[in-house]
Amino acid sequence: MLSPVFGEFMGTLVVILMGEGVNAAVTLKQSKAEAAGWMVIATGWGFAVFCGVVTAIACGSPGAHLNPAVTVAIAVKTGDFTQLVPFILAQFLGAMVGATLVWLFYFPHWKLTEDPAAKLGVFCTAPAIRSPFWNLLSEIIATAVLIIVIGALGAKSFAAAGPAPGLAPYLVAILVWGIGLSLGGTTGYAINPARDLGPRIAHAILPIAGKGGSDWGYAPIPVLGPVIGAALAGLFLRVTGI
């Protein structure tokens, strides 16, 4: 049963369950972590990525992409597009299942939370200032940073034999934590089309108490921005040989 596709599904599920779990914990009424703030959210997402990476590896995906942007970047860098469709489908499915589990986990709290936008914010991103061009640019830059630094972590000039066994998930988690703190304030740093669109679809489908719309007008930006940023970063890695 263990396979790269299953690993991508399970790893992405864990990322979303724990990442959107911290969103819910900070956002929803009568949660013990209510209003804990941005530091808690950014830290929770960093830890979520660590947990997702180790789960993906254990379940058969040694690359642990967990993000269509990473899959696109690696395809552009290597010229091998064979993993693109199966990995991305697994990532989106894992994200939708993870989001559904968050809804179930916090079930009594949705009814107590009156703000529909706050409920949507548990599932997907929204900009602090709605300006499509600048929102798109934020996602492009943040995703490019994600991809380039991941590439740098595996560069021989950084570590000739690669990171020490078991260290890479910690380094990637720190990277995501840092992106959240430094580059997350404008759009909520989707940096992952599956992380945003999969749960947005779940939000639209699930019978969440008192929910509003799923903000489909903004939905293309956290998909296109990461894909563009990933493609550009993958090309950069290919040209530089990193």
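For clarity, every value in this text was computed on a predicted model and none was experimentally measured.

Engineer: Whenever I open this one, the overall build of the chain confuses me. Can you help?
Structural biologist: The helix and strand tally for the chain stands at ten helices and zero strands. Counting from the amino terminus, helix and strand elements in the chain follow one another as α-α-α-α-α-α-α-α-α-α. Radius of gyration (C-alpha) of the chain: 17 Å, near the 18 Å computed for a compact globule of 242 residues. Principal-axis analysis of the C-alpha atoms places the extent of the chain at approximately 55 × 40 × 30 Å. Split into buried and exposed, the 242 residues of the chain put 49% on the buried side.

Engineer: Before we go on, may I ask you to explain unusual backbone geometry in this structure?
Structural biologist: In most cases, non-glycine residues show a negative phi, while peptide bonds are predominantly trans. Unusually for a residue other than glycine, A64 sits at a positive phi of about 45 degrees. Position of A64 relative to the elements: it lies in the loop between α2 (38-58) and α3 (68-78). Given the relative accessible area of 10%, A64 is considered buried. A positive phi angle, near 55 degrees, is found at D215, a position not held by glycine.

Engineer: Help me understand the side chain of H203, please; the structure alone is not making it clear to me.
Structural biologist: Within the secondary structure, H203 is located in helix α9 (residues 193-205). When its relative accessible area of 0% is taken as the criterion, H203 is described as buried.

Engineer: Sorry if this is basic, but what is going on with the environment of P68 here?
Structural biologist: Relative to the helices and strands, P68 resides in helix α3. Relative accessible area serves as the criterion here: at 3%, P68 is assigned to the buried category. Put simply, P68 and I191 are 123 residues apart on the chain and 9.4 Å apart in space, counted from C-alpha to C-alpha. If we skip the residues at most four places from it in the chain, P68 touches I88, Q91, F92, N192, P193 and A194.

Parameters and conventions
- Residues numbered from 1 in each chain as written.
- Predicted model: local features only at pLDDT ≥ 70, side-chain atom pairs only at ≥ 80, totals over all residues.
- Heavy atoms only, no water.
- Helix = DSSP H or I, 4+ residues; strand = E, 2+ residues; numbered from the N terminus.
- Rg over C-alpha atoms; globule rule 2.2 N^0.38 Å.
- Buried < 20%, exposed > 50% of the residue type's maximum accessible area, 1.4 Å probe, protein only.
- Contact = heavy atoms within 4.5 Å.

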